[in-house]
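Coordinates in review
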Amino acid sequence: MTRKQERVTAHLDDVSKKIIEQLQQDGRRSYAAIGKVVGLSEAAVRQRVQRLIDGGVMQVVAVTDPLELGFARQAMVGVKVTGPLEPVADALAALDEVDYVVVTAGSYDILAEVVAESDEHLLELISGRIRTIEGVVATETFMYLRLRKQTYSWGVR
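Heads up: these notes are all about the structure in this document. Just so we're clear, the structure is a prediction, and the values are computed from it rather than from any experiment. (Residues numbered from 1 in each chain as written. Predicted model: local features only at pLDDT ≥ 70, side-chain atom pairs only at ≥ 80, totals over all residues. Heavy atoms only, no water.)

A word on helix 3 (residues 42–54). Every α-helix carries 3.6 residues per turn, so stepping three or four residues along brings you back to the same face. In a regular helix each residue adds 1.5 Å, so 13 residues correspond to 18 Å; helix 3 covers 18 Å between its end C-alpha atoms and thus fits that length. Of the positions making up helix 3, those classed as buried are Val-45, Arg-48, Val-49 and Leu-52. The arc enclosing the buried residues of helix 3, seen along the axis, measures out at 100°, which places them on a common side. The exposed set on the far side of helix 3, more than 90 degrees from its buried face, consists of Gln-47, Arg-51 and Asp-54. At the exit of helix 3 stands Gly-56, carrying a positive phi of roughly 75°. (Helix = DSSP H or I, 4+ residues; strand = E, 2+ residues; numbered from the N terminus. Expected span 1.5 Å × (residues − 1). Buried < 20%, exposed > 50% of the residue type's maximum accessible area, 1.4 Å probe, protein only. Arc of directions from axis to C-beta.)

What follows concerns the packing of helix 2 (residues 31–38) against helix 3. Contact pair helix 2 / helix 3: the axes reach a minimum separation of 8 Å and the direction vectors enclose 100°. Regarding the angle of helix 2 to helix 3, the classification is roughly perpendicular. Where helix 2 abuts helix 3, its residues Tyr-31, Ala-32, Ile-34, Gly-35 and Val-38 lie against Glu-42, Val-45, Arg-46 and Val-49. Residue composition of the contact of helix 2 with helix 3, grouped by class: 6 nonpolar, 1 polar and 2 charged. (Axes fitted to C-alpha atoms, helices over the stretch in contact; angles between N-to-C directions. Parallel < 35°, antiparallel > 145°, perpendicular 65-115°, else oblique. Contact = heavy atoms within 4.5 Å. Nonpolar A, V, L, I, M, F, W, Y, C, P; charged D, E, K, R; others polar.)

Turning to helix 5 (residues 119–130), a few remarks are in order. If you check which residues of helix 5 are buried, you get His-121, Leu-122, Leu-125, Ile-126 and Ile-130. All buried residues of helix 5 project into a common sector of 125° when viewed along the axis, lining one side. Buried residues along helix 5 sit in contact with strand 1 (73–81), helix 4 (85–93), strand 3 (110–116) and strand 4 (136–143). One side-chain oxygen at the N-terminal end of helix 5 lies 3.4 Å from the backbone nitrogen of Glu-120; it belongs to Ser-118. (Polar contact = N/O pair within 3.5 Å; in protein donor to acceptor, adjacent residues only side chain to side chain.)

On to the nonpolar core, then. By size, the foremost hydrophobic cluster in this structure holds 19 residues, and its most contacted members are Val-79, Val-88, Leu-92, Leu-95, Ile-110, Val-114 and Ile-130. If you list the elements that add at least two residues to this core, you get strand 1, helix 4, strand 3 and helix 5. Counting 10 residues, the second largest nonpolar core, distinct from the first, contains Val-38, Val-45, Val-49 and Leu-52. (Core = buried A, V, L, I, M, F, W, Y, C linked by side-chain atoms within 4.5 Å.)

Below, the structure written as structure tokens:
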């Protein structure tokens, strides 16, 4: 999902929340099956899902383990920044190898998850591109050795 500069909290009714929960459990669940659970027709579920997607509330994607798909390295990079954080976060987000960027409080100003094809690729990414972004003063790389848990089924509030 693309995050908007200013987050607008969408008001979700109970039916929309139930639809989201159904898709969090199984992103391939049919609209007809969801409709039976939430009490709507297949067409009504389809329309609601499209509105949720168009509104940036959710997206339906295939989540993969990059290490199982032939990428040799996955890592979290902690980034310390001087000056405004947003331009650095935006520059990181623009890199193809970066799949997750958050502005944080604590030891690091920004965390960026990266996927690389090799150790050389990871080295070039960190030294040649991330550390050269204006405002970056330090990085620390946390190599992933094995994925033990990844879920997106935290429900809705």
